[in-house]
Amino acid sequence: MARPSDTSYRRPLAVLTVLFFMWGFLTSMNDVLIPYLKGVFALNYFRAMLVQFAFFGAYFIGSVIYFAISARSGDPIQRMGYKNGIVAGLLLSASGAALFWPAAQFVSYPFFLSALFILGLGFTLLQISANPYVTLLGDESTAPSRLNLSQGFNSLGTTIGPLLGGFLVFKYFAGAAGGADSVKVPYLVFAGVLLLIAVLISFEHLPRVASMERVQGGMAALRYPHLVLGIVAIFAYVGAEVSVGSILISFLGLPQIAGMSQHEASTYVAFYWGGLMIGRFMGAVSLSELPRQRKELLLLGLPAAALLVILYLRGAGIALTYGIFLLVNLGAFRLGRFLPGRTTWVFALAIVGLLGLALALNGRPSMWCVIAAGLFNSIMWSNIFSLAIEGLGEHKSQASSLLVMAIIGGALFPLAQGAFADRFGVHRSFVVPMLAYLYIAYYGWRGHEVGRSRQRPAVAQAAAGPLRTDARGTPWT
């Protein structure tokens, strides 16, 4: 791979953190849109979850188109460059956000879904471009650490999104003329911010990281078994994570759980997504090449800092409750032994346990078990993504499009959980994501190693070039 001579990638990584922040912010805004549009259009849970179906369905459609092009005539990102792919994704996303104004003007639910679909298409191109770009900006062995760091800022956006979005939609603009007017101004501002980021990145010097070999067509990426299993793992993870966040406001509104208003519940959604942020920063430290003593210090310091912020903003009671789950999370990191695969299955099983307790309990204990799942969701995207594309060389962008295609889980799982909630109740619906986390545990335990010991198929060998090894010297098939 051709890399810039300057081995310091701090500036381009810093530029990309702004991008990761913004798409995390707008993704978590869907959790606010679902109860808001459910009320505006008098929807049941299944139809309200079409918000996520439209948004994450765009990831699938966009990725299918991208994969078809790459299989026919070669990887588009290898031709146009990662920077141009990122700018194009931002412009498309800005267009989708701007369409919220006419959708609200016409008070049309299908129009809203169309705007979300276009917004999702833009984010698809961003995912395909930005995620592999981050893994390429440095050593492959530390790619999970860099991606966890970038995803940490993505989670900062998902944490702030429900707080600011809930205030704007349910409070500040709630006194508007009626209909769906509360989302007009916020999404127009979001469109402007996306457009500004696109302009800034277009003028920023980003290292060109591309293959020195001829851009090839074909479907060589699918010859890697660990990638195929990783696609299923991404499908399961995104679906489970999104479905929990999507129904959380409704769950917290149940009389037997917390009986909260929509605005109050939206502030607790921030705890769910904030857990991802804390855990991802801890994951960036855990999977880095820092000396062990410094790792231990930072792994203690990050949750301590988070607790101080919670103590200041929400008081001692909530800080103490959340602190218990932070200690459990810290123990899970130690059990993971700083290994991406092991940490993934430990965290997945932790979530299975938390959701099992949530199903068995009522009141605040049940509420906090669901919210705490965010802490253990934290490292999963980065770890699964990095393990799935490790050793793929020039096929990383094509593999990335396949992994992003699997984000369709975020469209299908909320529908499944919504249908389950309509039939059996919101509380019992957490059975749906539990099943997904069981598969993720398998991928972290054994799935990511499938195919490493066997010789690569001839087709893949011819397309991929010389045999590669991962950071531990294990040959990939």
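Everything numeric in this text was worked out from a predicted model, so none of it was measured. (Residues numbered from 1 in each chain as written. Predicted model: local features only at pLDDT ≥ 70, side-chain atom pairs only at ≥ 80, totals over all residues. Heavy atoms only, no water.)

Trainee: Mind laying out the overall build of the chain, listing which residues take part and the relevant values?
Mentor: When helices and strands are counted, the chain shows 20 helices and zero strands. For the chain, the proportion of its 477 residues judged to be buried stands at 60%. A separation of at least 24 residues holds for 81% of the contacts in the chain among residues at least 6 apart in sequence. (Helix = DSSP H or I, 4+ residues; strand = E, 2+ residues; numbered from the N terminus. Buried < 20%, exposed > 50% of the residue type's maximum accessible area, 1.4 Å probe, protein only. Contact = heavy atoms within 4.5 Å.)

Trainee: Give me unusual backbone geometry: which residues, what numbers.
Mentor: Backbone geometry at Ala 42 places phi at a positive 50°, although glycine is not the residue there. By the secondary structure assignment, Ala 42 is in the loop between helix H1 (10–40) and helix H2 (45–48). The exposed category is assigned to Ala 42, whose relative accessible area is 68%.

Trainee: Before we move on, could you go through the nonpolar core and cite the residues and values that matter?
Mentor: Residues Leu 227 and Met 380 are the most contacted members of the largest nonpolar core, which totals 152 residues. In this view, Leu 227 contacts Ala 221, Ala 388, Leu 392, Ala 399, Leu 402 and Leu 403; residues no more than four positions away in its chain are not counted. (Core = buried A, V, L, I, M, F, W, Y, C linked by side-chain atoms within 4.5 Å.)

Trainee: Before we move on, can you summarise the pattern of salt bridges with the specific residues and values?
Mentor: Scanning the model with the defined rule gives two salt bridges in all. With its nearest N and O atoms 3.6 Å apart, the salt bridge here joins Lys 184 to Asp 181. Taken individually, Lys 184 and Asp 181 each receive the classification buried, so the pair is uniform in this respect. For Arg 334, the salt bridge is made with Glu 296, and the minimal N-O distance between the two is 2.8 Å. A residue pair is termed long-range when its members are at least 10 positions apart, and Arg 334 in helix H13 (residues 316–336) and Glu 296 in helix H12 (residues 292–314) qualify at 38 residues. Taking the relative accessible area as the measure of exposure, Arg 334 reaches 45% and is therefore partly exposed. (Salt bridge = Lys/Arg side-chain N within 4 Å of Asp/Glu carboxyl O.)

Trainee: An account of the side chain of Asn 30 is requested, with residue identities and associated values reported.
Mentor: Turning to its location among the elements, Asn 30 is positioned in helix H1. Look at Asn 30 and you get buried, because its relative accessible area is 0%. Dropping the residues within four chain positions of it, Asn 30 is found in contact with Val 51, Gln 52, Phe 55 and Leu 116.

Trainee: Hey, could you go over the confidence of the model for the chain for me, with residue numbers and the actual values?
Mentor: When pLDDT is averaged along the chain, the result is 82, and 87% of the positions lie at 70 or above. Per-element averaging of pLDDT across the chain places helix H20 (residues 458–464) at the bottom with 38 and helix H19 (residues 431–445) at the top with 95. Between residues 453–477, whose pLDDT stays under 50, and residues either more than four places distant or in other chains, the model counts 56 contacts. (pLDDT = per-residue confidence, 0-100.)

Trainee: Please set out the environment of Val 183 residue by residue, giving values where relevant.
Mentor: By secondary structure assignment, the location of Val 183 is in the loop between helix H8 (143–172) and helix H9 (184–203). Separated by 15 residues in sequence, Val 183 and Leu 168 place their C-alpha atoms 8.0 Å apart. With residues up to four places along the chain from it excluded, the contact list for Val 183 reads Leu 33, Tyr 36, Phe 100, Ala 104, Phe 112 and Val 169.

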